[in-house]
Structure formats: C-alpha cells, structure tokens
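# A structural walkthrough
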Amino acid sequence: MRNDSGEHGKVLVDWLAPWLSGGGSLLFMANYDGTLTPHVSDPRDAWLALEVQHHLGVLARTPSVRLAVVSGRDLGDVTQRVAVPGAVYAGCHGLDIDGPGIAFRHPQAIAQQPMVRALGESLARRASTIQGMQVETKRLGVTVHYRHMTSEGRRSFETELSRAIHLSHGGRLKIFHGTKAIEILPQVGWSKGHCALRIREWALDSLPQPMLSVYIGDDWTDEMASRATYRVDGVGAVHHLLERLAYAAGQRGAA
C-alpha cells in the first residue's frame, strides 16, 4: 500500500469482492500501524476503529477466509489491539506467530532474547535523559521512537545506542529504520516475507483451492512480504476494502 493511487484501490476492490462472493478462498494479511490504523503521534494511542474490527471479525468468521495481522509490535500488543477471535497474529516483524492451528517462535531469536532484553532495559534507563525518546521493549525486539526528539536528541540517542551495543551486546543485532523509529531485532535470517510464507503454508492446508493471498502494508519491511502490485490511498482506502470484503463474505454466507 502507498498513498498515491485511488484507481488501483478501486481495481483491487472490484477484483477481490467478486472473487470472495463467488466462492474463492482468500488469505488476507495486513500490517497494523499505517495500514489498519493511521500513524499517530504516540504509538500507544493507535487503536483499531470499531467498524474496522467488525469487518475483520466478519472475515475471520468466514469459512473460506483466513485472516492474519503482521506487525512490528509485540505479539501480545497487536493481539490485544486487534482482538478478533480466529485471526492469526504475528509480532516482532514475524518472529513470533500465533493463531488457531499455527504457532511459531524463531528459535535463534529466542536464544538471543536475554541479550535483546538487556539492551532494551539499558536504553529505557537512558531515555529519561533524552527528551522525546520513547523505548518500546518487546519479547523479541526493541523499538525506539524518535518522532518527538530534537536533532540534538537524536544524535545523543545514536551515540548511546552505539555505546550500549558495543559495551554489552556485541554486534549480533539487526538494526533498521521504521516509520519515525529505529527497530532492534535479533540477527536472524527472517523477515515479514518469511512470516507471510509460513502463514500461507498454514492457510493452504486448510482452505479449498484455488486460494488468493493478499498482503497489505505501508513501508519497506512489508515489501519483503509482497512486492506491491496495487497502491491505494492510505488507511481510509484499506478500510473501504475491508468493508467491501466483509459485505461480499456476508453475501456468500447468505447464498
């Protein structure tokens, strides 16, 4: 998903809704922040709109649909925010997956969990000395939000991060930029793309064929799961797509 083409969004809706109402199987995967919910000033305030939760619930209850939400957030956090029974949830950029009939935690990430936790605690202690620094500790990762940092604060944070990694944790971490944030994960060969393939294998085992797989996201980490074929006008267009898909699922159930 990118915020630059309403026409692509219409094409996607006009393609998927008839497929679903006509009897096709669908695996629908979506990112959370920036896709199901808008990016907000404080990530703690990014809650799912009730009507969106309703549409996701309709899809999750449809026998021919499998629903998954893949997020950089902690697994418990994204599960609580979406709160749709029957969905599959993946946290920490796909390192941690849980749902009906599927459970996965990357073993190498689990092995590095104490190191990542220690780094998160170290950065959290330093956050009080840098204005605007917000540290989000997760089971298998750390996110440092810098949306409210000054340029000087960011330079101080980057110095502190380098020092903390060098002194205590070596170089065995994956560090990359998200949306106004720096993500720190265990250094393992895994991405949202690997996660999406694992979920797709699970869905193929339980859905009648043919099955369409759709992944919607908003940043470069989501491109690892699906090279964008269609681009839609932001979160509002995603909500419209979900509304149409939920309606098509309801029409199929009533047939």
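Located above this text is the structure these notes cover.
Residues numbered from 1 in each chain as written. Predicted model: local features only at pLDDT ≥ 70, side-chain atom pairs only at ≥ 80, totals over all residues. Heavy atoms only, no water.

Time to look at the sheet that holds strand S4 (residues 96-99). Two pairing modes exist for strands in a sheet, parallel and antiparallel, and in both the strands are linked by backbone hydrogen bonds. Taking strand neighbours across the sheet as the criterion, the six strands line up as S5-S4-S3-S2-S1-S10 in an open arrangement whose pairing is mixed. Each edge of the sheet is formed by a strand with only one pairing partner; in this case those strands are strand S5 (102-105) and strand S10 (211-216). Strand-to-strand twist in this sheet, taken as the mean axis angle between neighbours without regard to direction, amounts to 15°. Summarising the sheet, strand S2 (residues 65-70) and strand S3 (residues 88-91) pair through three bridges and their orientation is parallel. (Pairing = 2+ DSSP bridges. Helix = DSSP H or I, 4+ residues; strand = E, 2+ residues; numbered from the N terminus. Axes fitted to C-alpha atoms, helices over the stretch in contact; angles between N-to-C directions.)

Counted according to the given criterion, the structure contains 10 salt bridges. A salt bridge links aspartate 77 to arginine 73, with the nearest nitrogen and oxygen atoms 2.9 Å apart. Of the two residues examined, aspartate 77 and arginine 73, each falls in the buried class. Aspartate 222 is the partner of lysine 192 in a salt bridge, and the nearest nitrogen-oxygen pair spans 3.0 Å. In this pair, lysine 192 sits in helix H7 (residues 192-206) while aspartate 222 sits in helix H8 (residues 220-223), placing the two residues 30 residues apart along the sequence. Residue classification places aspartate 222 among the buried residues on the basis of a relative accessible area of 3%. Salt bridges linked by common partners bring Asp33, Arg73, Asp77 and Arg81 together as one network. (Salt bridge = Lys/Arg side-chain N within 4 Å of Asp/Glu carboxyl O. Buried < 20%, exposed > 50% of the residue type's maximum accessible area, 1.4 Å probe, protein only.)

Another point: the environment of glycine 94. With respect to the helices, strands and loops of the structure, glycine 94 is situated in the loop between S3 and S4. Among the residues examined, glycine 94 registers a relative accessible area of 0% and is labelled buried. Other than its neighbours up to four places away in sequence, glycine 94 contacts Ser71, Phe104, Trp190 and Cys195. (Contact = heavy atoms within 4.5 Å.)

The next subject is helix H2 (residues 50-61). At 3.6 residues per turn, the α-helix brings residues three or four places apart onto the same side. Helix length check: H2 (12 residues) gives 16 Å between terminal C-alpha atoms against 16 Å at 1.5 Å per residue, within 8%. Turning to H2, its buried residues number three or more, namely Val52, His55, Leu56, Gly57, Val58, Leu59 and Ala60. (Expected span 1.5 Å × (residues − 1).)

On to unusual backbone geometry. Cis geometry marks the peptide bond from glutamine 209 to proline 210, where omega comes out at 5°. Looking at the secondary structure, you find proline 210 in the loop between H7 and S10. In this structure, alanine 83 is a non-glycine residue whose phi angle is positive, near 55°. Structurally, alanine 83 is set in the loop between helix H3 (75-82) and S3. Here the phi dihedral of lysine 180 falls at roughly 55°; this positive angle occurs in a residue that is not glycine. Position of lysine 180 among the secondary structure elements: in the loop between strand S8 (173-177) and strand S9 (181-186).

For the rest of this paragraph, the subject is the packing of aromatic side chains. For the structure on display, the rule yields two aromatic pairs. Plain terms: the ring middles of phenylalanine 176 and tryptophan 220 are 5.4 Å apart, the flat faces sit at 80° to each other, and that makes the pair edge-to-face. Linking phenylalanine 176 in strand S8 with tryptophan 220 in helix H8, this pair joins segments that are 44 residues apart in sequence. Stacked on the ring of tryptophan 47, the Lys or Arg arginine 81 has its end atom at 4.2 Å from the ring centre. (Phe/Tyr/Trp six-rings, centres within 6.5 Å; stacked < 30°, edge-to-face > 60°. Lys NZ or Arg CZ within 6 Å of the ring centre and 35° of its normal.)

Honestly, that's just the spatial picture; any functional story needs more than this.
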